[in-house]
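Take a look at the letters that make up each chain.
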Amino acid sequence: MGTNWRIDHECPQCGGPITLEETDRFFSCDYCRARLHITSNGPFQYCLVPKNAGTDLLYFPYWRFKGTAYAITGIKIHHRLMDHTRSASSVSELPYSLGFRPQTQPLSFATRKVEGRFITPSLAFSKILLSMEKQLAGMGVQATAQDTLEKKYIGETASIIYAPFKRDGQKLIDAITQKKSYLIKKPLDDESLIAGKADTWRPEFFPALCPQCGWDLNGERDSCVFVCENCERAWEPIHDGLNEVSMGAVLKHSGDATYIPFWKIRPRITGIQLDTYADLVRLANLPKVVQKKWETLPLEFWVPAFKIRPDIFLRMGGMLTISAPENIVYENWKKPSIYPITLPLVDAVESLKIIFASLVVTKRKNYAKLPGIDISPLKSTLILLPFISRGNEFIYEEHNMAIQKIALRYGRNF
Ligand SMILES: [Zn+2]
Ligand SMILES: [Zn+2]
């Protein structure tokens, strides 16, 4: 299970102190009642707060990765939660990881307001991810094996966290503990190292108002799509505002329901004949007689639009892809109660091949083809499905599909 960091900041509207969690993308201020959503151009950037601030501090970058790694090896799909930090600078004498520190120390956004010099990351995130995998393998944990056909990272957070060090000649002293020091071989005033031009990154706060009708948008702190209950539109934050997401629902006409969100994605697939639902039935060897109308029914993938344990994620996505809900309406769905949308479309798209593999991988001739198959999205829609509450579970009656409430709750934490 991953852990969340806490970030101290101030309300951009009234200056009141606020504490955010790393995954927060929406907040309402306790002081001035502003409702804002938070975005970033590029990865979010944080820094550990030193005991004594000062202009003589050097801030060294670390990449932070949190997410689920999926790997298809032979006929098995492995998954592993990853939650790591790794040094992003070329100074090899510094600790390669921040360990547990970000969980126990206060963090702030790494904005220009923080005094000190920020070292520009010199190692790309993709390189770091590769070395993390190798390291895990060295510890006997197979994130991926040699014969791995495919791997994907889903629900990931890649952010940068800066750790402060105080300079003393060629030594860097940890400005958090103020104890550990590191002797650095490279000249510390080397331009290539210190070049870190004044970084202009800052988090962006925007009013959480519907761009169409001006109504307050609904969401929870970890929501990645906000819904306007007034005009029934859905909005996804992008770096400079909100982008409309098309949305529909399967309505339940009697009784209460909680509407749980899924991404419905029409794919473009190359490397294998897979365009229609009939193609999928044949490839996955489903125990169904292919009906004539399926030969022209476009294949659509269904992907949970919320964070949930990997095995449940694949199972629900697979079930709905095999047996797609019908009677979707695209307007007048009358404000149902919506479970928060916490898995963005980009992550859903990343998962398409893994969901596809989960349906077809038991046949050797299929999984041998996987490396040559490419799946990209053509059209995506957010669909709300009605689940009724029964004891410890939510149930989608049409498909007799159940999900444990506790699994949904745990899913919110990673
Ligand atoms: Zn405020
Ligand atoms: Zn609206």
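Residues numbered from 1 in each chain as written. Chains lettered and ligands numbered in written order. Predicted model: local features only at pLDDT ≥ 70, side-chain atom pairs only at ≥ 80, totals over all residues.

Caption draft 1: Summary view of the sheet that holds strand β14 (residues 226–227). Ordered in space as β14-β15-β16, the 3 strands form an open sheet in which the pairing is antiparallel. Both outer strands of the open sheet, β14 and β16 (241–245), are each paired with one neighbouring strand and no more. Pairing of strand β15 (residues 234–238) with β16 involves 5 bridges; the strand directions are antiparallel. What sits directly across from A234, in β16, is V245. (Pairing = 2+ DSSP bridges. Helix = DSSP H or I, 4+ residues; strand = E, 2+ residues; numbered from the N terminus.)

Caption draft 2: Layout of the nonpolar core. One finds Y59, Y162, V303, A305 and L382 to be the most contacted residues of the largest nonpolar core, which totals 93 residues. Tallying contributions element by element places strand β6 (residues 57–73) first for this core, with 10 residues. Among the domains, domain 1 (41–202) and domain 2 (246–411) are the pair contributing at least three residues each to this core. The residues touching A305, leaving out its near neighbours within four places in the chain, are P261, F262, W263, I341, L343, A348 and L382. (Core = buried A, V, L, I, M, F, W, Y, C linked by C-beta atoms within 7 Å. Buried ≥ 20, exposed ≤ 12 C-beta atoms within 10 Å, placed from the backbone. Domains from an automatic or database assignment. Contact = placed C-beta atoms within 7 Å.)

Caption draft 3: A look at the pairing of strand β17 (residues 247–250). The alternating pattern of β17 places M247 and A249 on a buried face and G248 and V250 on a face that is not buried. For β17 and strand β22 (residues 374–390), the ladder comprises 3 bridges, and the chain directions are parallel. For G248, the partnering residue across the bridge sits in β22 and is I383. In terms of strand pairing, β17 meets strand β20 (residues 328–329) through 2 bridges, oriented antiparallel. Considered in β20, the bridge of A249 is made with V329.

Caption draft 4: View of the sheet that holds strand β3 (residues 26–28). Taken in spatial order, the 3 strands of this open sheet run β3-β4-β13, and their pairing is antiparallel. Because the sheet does not close on itself, it has two edges, and the strands there are β3 and β13 (204–207). Ignoring which end each strand starts from, the neighbouring axes of this sheet average 30° apart. Here β3 runs beside strand β4 (residues 35–39); their pairing, made up of 3 bridges, is antiparallel. Its bridge partner lying in β4, S28 is registered against R35. (Axes fitted to C-alpha atoms, helices over the stretch in contact; angles between N-to-C directions.)

Caption draft 5: Fine view of the pairing of β4. Taking the residues between adjacent antiparallel strands as the criterion, β3 and β4 are bridged by 6 residues, where R33 takes a positive phi near 70°. Examined bridge by bridge, β4 and β13 share 4 bridges and lie antiparallel to one another. Note on β13: the bridge partner recorded for L36 is P207.

Caption draft 6: Representation of the environment of S28. With respect to the helices and strands, S28 occurs in strand β3. For the pair S28 and I18, spaced 10 residues apart in sequence, the C-alpha separation works out to 9.6 Å. Ignoring any residue separated from it by four or fewer positions in sequence, one finds S28 in contact with R33, A34 and R35.

Caption draft 7: Inspection of unusual backbone geometry at higher detail. The phi dihedral of E232 is positive, around 60°, even though this residue is not glycine. As for its placement among the helices and strands, E232 is situated in the loop between β14 and β15. By C-beta crowding, E232 is classed as partly exposed, having 19 other C-beta atoms within 10 Å. Within the chain, N327 stands out as a residue other than glycine whose phi angle is a positive 60°. Residue placement: N327 occurs in the loop between α5 (310–322) and β20. Take N327: there are 8 C-beta atoms within 10 Å of it, and that puts it in the exposed class.

Caption draft 8: Representation of α5 in the model. Between the first and last C-alpha of α5 there are 18 Å, a value that for 13 residues agrees with the 18 Å anticipated at 1.5 Å per step. Buried residues of α5: F313, L314, M316, G317, G318, L320 and T321, and no others. (Expected span 1.5 Å × (residues − 1).)

Caption draft 9: Local environment of the confidence of the model for the protein. When pLDDT is averaged across the protein, the result is 86; 92% of the residues are at 70 or more. Across the protein, the secondary-structure element scoring lowest on mean pLDDT is helix α3 (residues 191–194), at 58, and the one scoring highest is strand β19 (residues 301–304), at 98. (pLDDT = per-residue confidence, 0-100.)

Caption draft 10: Broad picture of the environment of L283. Residue placement: L283 occurs in helix α4 (residues 277–283). The exposure class assigned to L283 is partly exposed, which follows from the 19 C-beta atoms found within 10 Å. Distance from L283 to A357, taken between C-alpha atoms, is 11 Å for residues 74 residues apart in sequence. The contacts of L283, once residues within four sequence positions are left out, are L274, V360 and N366.

Caption draft 11: Focus on the domain arrangement of the protein. Per the domain assignment, the segments making up the protein are domain 1 (41–202) and domain 2 (246–411). Computed from C-alpha atoms alone, the centre-to-centre distance between domain 1 and domain 2 is 35 Å. Between domain 1 and domain 2, the residue contacts involve 12 residues of the former and 16 residues of the latter. Within the residue set of the side of domain 1 that touches domain 2, elements represented by two or more residues are β6, β7 (76–87) and β10 (148–168). For the side of domain 1 that touches domain 2, the leading source of residues is β10, giving 6 residues.

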